[in-house]
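Architecture and fold: a report
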Amino acid sequence: MAAVFAAGVGAGAINSVVGSGTLITFPVLLATGLAPVTATVSNALGLIPGSISGAIGYREELRGQRRRVLKFGCGALLGGLSGATLLLMLPADAFETIVPVLVGLALLLVAFQPQIGRLVQRRRARTGASPRRDGGPLLLVGLTLASVYGGYFTAAQGIIYLSLMGMLVDEPLQRLNGVKNVLSALVNTVAAVFFLFAADFEWTAVGLLAVGSGLGGWAGARVGRRFSPTVLRILVVTVGTVALVQLLLR
């Protein structure tokens, strides 16, 4: 019980700043003897308070982004529900091949975001095209598909969100991080509501994770908001690399 609570605190803090907190909680839940699907469902339910407290902690960065959040949020709700449904329908190892590829690609996009941004700006200057405030249809589709993955497993979901938005939206990384936290909260919530009626879960684990992640999400947001874009990017790439290695070794 102490290990599950501590994992919840750590996951909540990491999720609010970077993402990939599931890579802390999921192995701990498996170590307690839970079946993989039951652990995944319990994890999704237990991390909801952490996602919400992390989003609240970034409320200053979310100012002026209501339209963007509403637009992307609709895709997140649809994708999260689809991913939760796939979790109960597909074999447990269905995403084992594609997940490391997605995480690796997302890490490259985050790491080289400044260079990609400059290339996009030069291209716009040559063509005279104006930047799309919300990234256009491509970003909406990409975030919706990332939400399908988030409803299925959630590991490194936040890193994928940040990589897509950082490439297609001209905003500081911390403001995009606030949007990421809202999208993660929506995906976790809609998946959890579905799981309440359609899947087995362990209430003790859910309760411990909920309290721990709520505290961790609040603390992580307070600390993470102070990071410079460069520090935040380095942290994202570092945590994401650890997550990728863990996924490849599973």
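Let's talk about the packing of helix H4 (residues 48-57) against helix H11 (residues 173-198)
- Contact geometry of H4 with H11 gives a least axis separation of 8 Å together with a crossing angle of 155°. Taken together, H4 and H11 sit at an angle that is classed as roughly antiparallel. Where H4 crosses over H11, the handedness of that crossing is left-handed. The segment H4 lies against H11, with Ile48, Ser51, Ile52, Gly54 and Ala55 engaging Asn181, Val182, Ser184, Ala185, Asn188, Thr189 and Ala192.
- Classifying every residue of the contact of H4 with H11 gives six nonpolar, six polar and no charged.

As for the packing of helix H6 (residues 66-89) against helix H9 (residues 136-152)
- One way to put it is that H6 packs onto H9 with a least axis distance of 6 Å and a crossing angle of 35°. Taken as a pair, H6 and H9 cross one another with a handedness that is right-handed. Where H6 abuts H9, its residues Lys71, Phe72, Gly75, Ala76, Gly79, Gly80, Ser82, Gly83, Ala84, Leu86 and Leu87 lie against Leu139, Leu140, Leu143, Thr144, Ser147, Val148, Gly151 and Tyr152.
- Split into classes, the residues belonging to the contact of H6 with H9 amount to ten nonpolar, eight polar and one charged.

Notes on a nonpolar patch on the surface
- There is a patch of nonpolar side chains on the surface, built from Val37, Leu88, Met89 and Leu90 and spanning about 330 Å² of accessible area.
- Examined against the element boundaries, methionine 89 turns out to sit in helix H6.

Considerations on the nonpolar core
- Residues Leu143, Met165 and Phe195 are the most contacted members of the largest nonpolar core, which totals 50 residues.
- Ranked by the residues each element gives to this core, the list is headed by H11, at nine residues.
- Not counting the four nearest positions on each side in its chain, methionine 165 is found in contact with Phe72, Leu139, Leu143, Leu176, Val179 and Lys180.

Details of H6
- For H6, built from 24 residues, the straight-helix expectation of 34 Å at 1.5 Å per residue is met to within 8% by its first-to-last C-alpha distance of 34 Å.
- Within the span of H6, buried status applies to Arg68, Val69, Phe72, Gly73, Gly75, Ala76, Gly79, Gly80, Gly83, Ala84 and Leu87.

Here we look at the packing of aromatic side chains
- Going through the model one piece at a time under the given rule, you end up with two aromatic pairs.
- On the basis of an interplanar angle of 85° and a centroid distance of 4.9 Å, the ring pair of phenylalanine 201 and tryptophan 203 is categorised as edge-to-face.
- Taking relative accessible area as the criterion, tryptophan 203 reaches 58% and is therefore assigned exposed.

Brief notes about helix H1 (residues 2-17)
- Between its terminal C-alpha atoms H1 stretches 23 Å, which fits the 22 Å expected from 16 residues at 1.5 Å a residue.
- Considered for burial, the residues of H1 that qualify are Val4, Ala7, Gly8, Ala11, Gly12, Asn15, Ser16 and Val17.
- At the C-terminal side of H1, glycine 19 shows a positive phi close to 125°.

Quick notes on the rules
- Residues numbered from 1 in each chain as written.
- Predicted model: local features only at pLDDT ≥ 70, side-chain atom pairs only at ≥ 80, totals over all residues.
- Heavy atoms only, no water.
- Axes fitted to C-alpha atoms, helices over the stretch in contact; angles between N-to-C directions.
- Helix = DSSP H or I, 4+ residues; strand = E, 2+ residues; numbered from the N terminus.
- Parallel < 35°, antiparallel > 145°, perpendicular 65-115°, else oblique.
- Left-handed = near helix turned anticlockwise from the far one by under 90°.
- Contact = heavy atoms within 4.5 Å.
- Nonpolar A, V, L, I, M, F, W, Y, C, P; charged D, E, K, R; others polar.
- Patch = residues over 30% accessible without salt bridge, like charges linked within 9 Å, V, L, I, M, F, W, Y side chains within 5 Å.
- Areas by Shrake-Rupley, 256 points an atom, 1.4 Å probe, with all protein chains shown as cover.
- Salt bridge = Lys/Arg side-chain N within 4 Å of Asp/Glu carboxyl O.
- Core = buried A, V, L, I, M, F, W, Y, C linked by side-chain atoms within 4.5 Å.
- Buried < 20%, exposed > 50% of the residue type's maximum accessible area, 1.4 Å probe, protein only.
- Expected span 1.5 Å × (residues − 1).
- Phe/Tyr/Trp six-rings, centres within 6.5 Å; stacked < 30°, edge-to-face > 60°.

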